[in-house]
Amino acid sequence: MNLELLESFGQNYPEEADGTLDCISMALTCTFNRWGTLLAVGCNDGRIVIWDFLTRGIAKIISAHIHPVCSLCWSRDGHKLVSASTDNIVSQWDVLTGDCDQRFRFPSPILKLQCHPRDMDKVLVCPMKSAPVLLTLSDSKHVVLPVDDDSDLNVVAAFDRRGEYIYTGNAKGKILVLNTNTQELVASFRVTTGTSNTTAIKSIEFARKGSCFLINTADRIIRVYDGREILTCGRDGEPEPMQKLQDLVNRTPWKRCCFSGDGEYIVAGSARQHALYIWEKSIGNLVKILHGTRGELLLDVAWHPVRPIIASISSGVVSIWAQNQVENWSAFAPDFKELDENVEYEERESEFDIEDEDKSEPEQTGADAAEDEEVDVTTVDPIVAFCSSDEELEDSKALLYLPIAPEVEDPEENPFGPPPDASVQAAAPEDTLAGSDKKQRQPSSEGGPAKKKARTTTIELQGVPSDEVHPLLGVKGDGKSKKKTAGRPKGSKGKDKDFSFRPKPYRGERPSFPIGPEVLGSSGPGGGGGGGGGEGMKVRAEGGLATGKHATAPAAAKSGSSASPAALLV
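Residues numbered from 1 in each chain as written. Predicted model: local features only at pLDDT ≥ 70, side-chain atom pairs only at ≥ 80, totals over all residues. Heavy atoms only, no water.

### Notes on the pattern of salt bridges
Evaluation of the coordinates by the stated rule reveals 10 salt bridges. For the salt bridge of arginine 223 with aspartate 219, the shortest nitrogen-to-oxygen distance reads 2.8 Å. Grouping residues by exposure puts arginine 223 and aspartate 219 together as buried. Between aspartate 300 and arginine 256 there is a salt bridge whose closest N-O contact spans 2.8 Å. Of this pair, aspartate 300 sits in strand β26 (residues 298-303) while arginine 256 sits in strand β22 (residues 254-259), and the two are 44 residues apart along the sequence. Judged by its relative accessible area of 4%, aspartate 300 falls in the buried class. Since its relative accessible area comes to 24%, arginine 256 is described here as partly exposed. The network of salt bridges with shared partners includes Lys80, Asp94 and Asp101. (Salt bridge = Lys/Arg side-chain N within 4 Å of Asp/Glu carboxyl O. Buried < 20%, exposed > 50% of the residue type's maximum accessible area, 1.4 Å probe, protein only. Helix = DSSP H or I, 4+ residues; strand = E, 2+ residues; numbered from the N terminus.)

Here it is as structure tokens:
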């Protein structure tokens, strides 16, 4: 209702910290849906936590992966969520039910994925040491996008604002613009430094409004281009960037960059510390630096689609940055005056009379005459902030909020549920089915129907090494690689029978996955080691949420087996 007023008053960027969102386990990546009502956070233990951003409460928790979630993206209508984990799995989730629709297994780790802005059937995936892949979800087919140099496969890619073109960039600074439907080369150019040397492309990000996009490069400069100029220049063009944004004093490298919701500001997160730099795009001047906790490293940054709010992740916690809200009573009454002390007020004659007898009846003209006209109070105008420039109406089927179901303490005594023997009667006619089919149709232990197993498709990519390790997990070739110990700790089978500690449901910590020192900033001698972390690794011990309603039991406690002591001790 008040979104139209946000454009006109004051600056449109956050100024101070506005609290944190604690997801129980360590957060690694986050993304807003198209309206900014829900925030999806990918966690270290493979879960996806969906926050209702208006109430700042957890709306849903999806136990998505076994390994850490490294990339997330919402579909256009908000009903689907696509996620990637460090074990090379890409999954599509139904947000309302929490079910997995389908999975794709890649030969190498996924650096980034992005849903098509308009066509919900297409997903762009960027695997390590491979050309980008365009997935079609309906028929599980994939297309490998053409690259400029087959020997250089460190490629990043992104859809433009409407998904008509795909922009790819490699380690030699070459940008290719491909038609999404035909994969034909439309335009290309090379990003060069002042001495005509090339620089590696780290990421490409598009604004939600307008035709601008930014390129984050290894030379620590963020270049802003106009997409229309790129298409006009054609192949091997030489477009000039609209702005070059950098930190000239500290020469800060940038971890993550993105546009504001209206495309007028650009935020970049430092790769050295928890600091956010905000520039005004039209002028190119630095307007604000937001400093987080010292010593923490930034993992991800997301700008709210319609409000001046930024979410950033460091040390496993989501920090929220917003504007300082100052009460302005003159907005309600222009002649309102704030008094330091009580003042005796002299009442005018007939000031508080219901009807002024002495007042003459004026003629109704202009605005007064318009009061007698009928006012339409039933028609709902579309909110401009939620509509694209080529749309007139909002999406009526969009998922803006998640319903919160009441939690029943004793499901057996629920008078509204099915009778206890209903599941037995339903299972009787199915005795003739195969054993595997019967397992899928039997009710789950939670009392509801068993979830249908998702179809898994293996994506074959030629010439892609299968021994790559995701950057979140450590460096390839390290003798203490964490690839073997990825994900939730499995229960020990007789190894630790004498270990006295047993995790309790809804209490204590959820076993955390060890992350390399380049992510958490640990500097101890065992910080880069695997198998539950070394001396320099501190496992984050988290309690339940404040409400205690959304906390889930640790994986080991659910399965009835004990967790590894290395993963549970701090």
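Okay, back to it.
### Brief notes about the packing of aromatic side chains
A complete count under the given rule lists 10 aromatic pairs for this structure. Between phenylalanine 32 and phenylalanine 53 the ring centres are 5.0 Å apart and the planes differ by 85°, which places this aromatic pair in the edge-to-face class. Of this pair, phenylalanine 32 sits in strand β2 (residues 27-32) while phenylalanine 53 sits in the loop between β4 (47-52) and β5 (57-63); the two residues are 21 residues apart in sequence, bridging distant segments of the chain. On the accessibility criterion, phenylalanine 32 (4% relative accessible area) is buried. The exposure class assigned to phenylalanine 53 is buried, which follows from its relative accessible area of 5%. Ring plane angle 20° and centroid distance 6.2 Å describe the contact between tyrosine 277 and tryptophan 279, whose orientation is recorded as stacked. The ring of phenylalanine 53 has arginine 56 sitting right over it, with the charged end atom 4.9 Å from the ring centre. (Phe/Tyr/Trp six-rings, centres within 6.5 Å; stacked < 30°, edge-to-face > 60°. Lys NZ or Arg CZ within 6 Å of the ring centre and 35° of its normal.)

### Here's the deal with the side chain of glutamine 114
Assignment of secondary structure puts glutamine 114 in strand β10 (residues 110-115). The buried category is assigned to glutamine 114, whose relative accessible area is 17%. A polar contact is formed between the side chain of glutamine 114 and the backbone nitrogen of phenylalanine 159, at a distance of 3.0 Å. Not counting chain neighbours up to four residues away, the residues in contact with glutamine 114 comprise Cys73, Val123, Leu124, Ala158 and Phe159. (Polar contact = N/O pair within 3.5 Å; in protein donor to acceptor, adjacent residues only side chain to side chain. Contact = heavy atoms within 4.5 Å.)

### Let's talk about the sheet that holds strand β29 (residues 455-458)
Sheet architecture is open: 5 strands sit in the order β6-β7-β8-β9-β29, paired in mixed fashion. Strand pairing shows two members of the sheet lacking a second neighbour, β6 (69-74) and β29, which therefore form its edges. Going across the sheet, the axis of each strand differs from the next one's by a mean of 20°, ignoring polarity. Where strand β7 (residues 80-85) meets strand β8 (residues 89-94), 5 bridges bridge the pair, whose relative direction is antiparallel. The residue bridging lysine 80 from the neighbouring strand is aspartate 94, located in β8. (Pairing = 2+ DSSP bridges. Axes fitted to C-alpha atoms, helices over the stretch in contact; angles between N-to-C directions.)

### Some remarks on the side chain of aspartate 94
Mapped onto the secondary structure, aspartate 94 falls in strand β8. A polar contact of 3.2 Å, which involves the side chain of aspartate 94, links it to the backbone nitrogen of threonine 97. Once residues within four sequence positions are removed from consideration, aspartate 94 is found in contact with His79, Lys80, Asp99 and Asp101.

### Side note on the environment of methionine 120
Within the element layout of this structure, methionine 120 appears in the loop between β10 and β11 (122-127). Residue classification places methionine 120 among the partly exposed positions, given a relative accessible area of 40%. Separated by 18 residues in sequence, methionine 120 and serine 138 place their C-alpha atoms 9.7 Å apart. If near-sequence neighbours (up to four positions away) are discounted, methionine 120 is found in contact with Ser75, Arg76, Asp77 and Leu137.

### Re the confidence of the model for the chain
Predicted confidence across the chain gives a mean pLDDT of 76, with 68% of residues reaching 70 or more. Counting interchain partners and residues more than four positions distant, the pLDDT-below-50 stretch residues 417-448 has 14 contacts. When the criterion is pLDDT under 50, residues 475-512 qualifies, and its contacts beyond four places in sequence or with other chains add up to 80 contacts. (pLDDT = per-residue confidence, 0-100.)

### Re the sheet that holds β2
With antiparallel pairing, 4 strands are arranged side by side in an open sheet as β2-β3-β4-β5. Both edges of this open sheet fall to β2 and β5, since each of them pairs with a single strand only. Neighbour to neighbour, the strand axes of the sheet diverge by 20° on average, direction disregarded. Pairing of β4 with β5 involves 6 bridges; the strand directions are antiparallel. Pairing of tryptophan 51 across the sheet is with isoleucine 58, part of β5.

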